[in-house]
Amino acid sequence: MKTFEEKFTAWLDGNLRGEDLRSFENDSMRSEKEEFHKLKNLLRENLKGCEMEHPDFFNSQVMAQIERERASGLRRVRTWFGVPRFAWGGVFALVIGSALFFTIIPRSQMRDPRSDYVAEVLKAKTADPNIKATVDNQKDITIIKLENLDKATPEKAKKSDH
Amino acid sequence: MHRKPLNGRLSRGCQICCLAASLVFGIPARAQPQPEPEVWGCLLYASNDQASGELPASLSRYYQRLHENLGYSAFRVVAQGETALKPGQENWLKVGNDIKVLLSSAGRTDRGEYTMTLKVFDGGKPLVETQARVNKGSPLFIRGPAWHAGQLVLAVMVES
């Protein structure tokens, strides 16, 4: 089944027949048709194809331009240092650089040695109830202080260096 | 002129990057076996004696804090010892003739710190038992008995 637009176009072109033609035959549609034909004739009279001067020269210029673009495209593909390769090279260098940075450079030596001090006493107890153990947990030093110990005899701690 | 599709080129580039990353990250990780850490013990004599010696190099940066906390200005090494910290075993650290430390490692935390139990003995007599969490290069100090004109201080450190 034809749409209205199809029927209308066929009517303007004079190709509509029968019942469809009768449905379009009224005054307002006829005036539409006249307007359309006027516009059509106007366009036909004023829009004419212009003849190009030296068409062979124009065609040869277009073909030469196409050849140049094709040749430059080939050169781009064959060049080793293309933009994609530079981009991948950058990514590759970044990966290698990051890997070396994290694996080879001893970062612990770059920090303040005190900042990574960890010696936390979780529990401290003495076997002798008379001896008291006090834990002094500080940010950069931890000392267990034993109190009420007997004084060590002078020969107690003899040197046995490793 | 035929060119490879973009996703094909991308996947090839990704493969190269992954290969490079696995090589760079993987080789050092495989090349470095995890040795058993060494625990170093050092018995110090802390005093205000002007003629006394110096702290060993690994403890020298703690001089100021020791001075502030213990009240002594001079520290001399009396004895020192070293032992491997084998996990799941009792490891004896002998420092001098009388001081011994029984070390038992309870493993490492996910930040690489060692959780261990230390039992300090003085001539066979248990002095103190402590559980501590330490990392490499962080000494734990134990202030012991008075000795001569000062005091004995034991430093125990997992060596870095």
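Residues numbered from 1 in each chain as written. Chains lettered and ligands numbered in written order. Predicted model: local features only at pLDDT ≥ 70, side-chain atom pairs only at ≥ 80, totals over all residues.

Q: Describe the sheet that holds strand S3 (residues 90–95) of chain B, listing the residues and the values that go with them.
A: Read from one edge of the open sheet, five strands run S1(A)-S6(B)-S5(B)-S4(B)-S3(B), paired in antiparallel fashion. Strands at the two margins of the open sheet, each flanked by one partner only, are strand S1 (119–126) of chain A together with S3 of chain B. The average undirected angle you get between the axes of adjacent strands in this sheet is 25°. (Pairing = 2+ DSSP bridges. Helix = DSSP H or I, 4+ residues; strand = E, 2+ residues; numbered from the N terminus. Axes fitted to C-alpha atoms, helices over the stretch in contact; angles between N-to-C directions.)

Q: Break down the confidence of the model for chain A for me, citing the residues and quoting the values.
A: For chain A, per-residue confidence averages 82 on the pLDDT scale, and residues scoring 70 or more make up 83% of the total. Ranking the elements of chain A by mean pLDDT puts helix H4 (residues 55–78) of chain A last, at 84, and strand S3 (residues 142–147) of chain A first, at 92. (pLDDT = per-residue confidence, 0-100.)

Q: I'd like to hear about the nonpolar core, residue by residue, with values.
A: Generally speaking, nonpolar side chains in soluble globular proteins are found buried as a group. Counting residues in each nonpolar core, the largest one holds 48 residues, and the members touching the most others are Leu-43, Leu-44, Val-95, Ile-142, Leu-154, Ala-155 and Val-156 of chain B. For Val-156 of chain B, the contacting residues outside a window of four places in its chain are Val-39, Gly-41, Val-101, Leu-118, Pro-139 and Leu-140 of chain B. (Core = buried A, V, L, I, M, F, W, Y, C linked by C-beta atoms within 7 Å. Buried ≥ 20, exposed ≤ 12 C-beta atoms within 10 Å, placed from the backbone. Contact = placed C-beta atoms within 7 Å.)

Q: Break down the sheet that holds strand S1 (residues 38–47) of chain B for me, citing the residues and quoting the values.
A: Sheet strands pair via backbone hydrogen bonds, and the direction of the pair is either parallel or antiparallel. The strand order S2(A)-S3(A)-S7(B)-S8(B)-S1(B)-S2(B) describes an open sheet built from six strands, whose pairing is mixed. Each having just a single partner strand, strand S2 (132–137) of chain A together with strand S2 (74–84) of chain B make up the two edges of the open sheet. Taking each pair of neighbouring strands and ignoring which way they run, the sheet shows an average axis angle of 20°. Sheet topology note: the S2 of chain A/S3 of chain A ladder contains six bridges and is antiparallel. Bridge pairing links Thr-134 of chain A to Lys-145 of chain A in S3 of chain A.

Q: Run through helix H3 (residues 27–46) of chain A, naming residues and quoting values.
A: An ideal rise of 1.5 Å per residue puts 28 Å on 20 residues; H3 of chain A measures up with 29 Å between its terminal C-alpha atoms. Counted residue by residue, H3 of chain A has zero buried out of 20 residues, so it is predominantly exposed. (Expected span 1.5 Å × (residues − 1).)

Q: Describe the pairing of strand S5 (residues 114–122) of chain B, and please don't skip the residues or the numbers.
A: Regular strands show a simple pattern: their side chains alternate between the two faces of the sheet. Residues and elements named next belong to chain B. Only one face of S5 is covered, namely the face carrying Tyr-114, Met-116, Leu-118, Val-120 and Asp-122; the face carrying Thr-115, Thr-117, Lys-119 and Phe-121 is uncovered. As defined by bridge partners, strand S4 (residues 99–108) adjoins S5 across eight bridges and the pair is classed as antiparallel. Within S5, the position partnered with Val-101 by the bridge is Val-120. Taken together, S4 and the strand that follows it, S5, pair antiparallel across an intervening segment of five residues, in which Gly-112 is found at a positive phi of about 85°. Bridge analysis of S5 against strand S6 (residues 125–134) gives nine bridges, and the strand direction is antiparallel. For Asp-122, the partnering residue across the bridge sits in S6 and is Lys-125. Two successive antiparallel strands, S5 and S6, enclose a turn made up of two residues, where Gly-123 displays a positive phi of approximately 60°.

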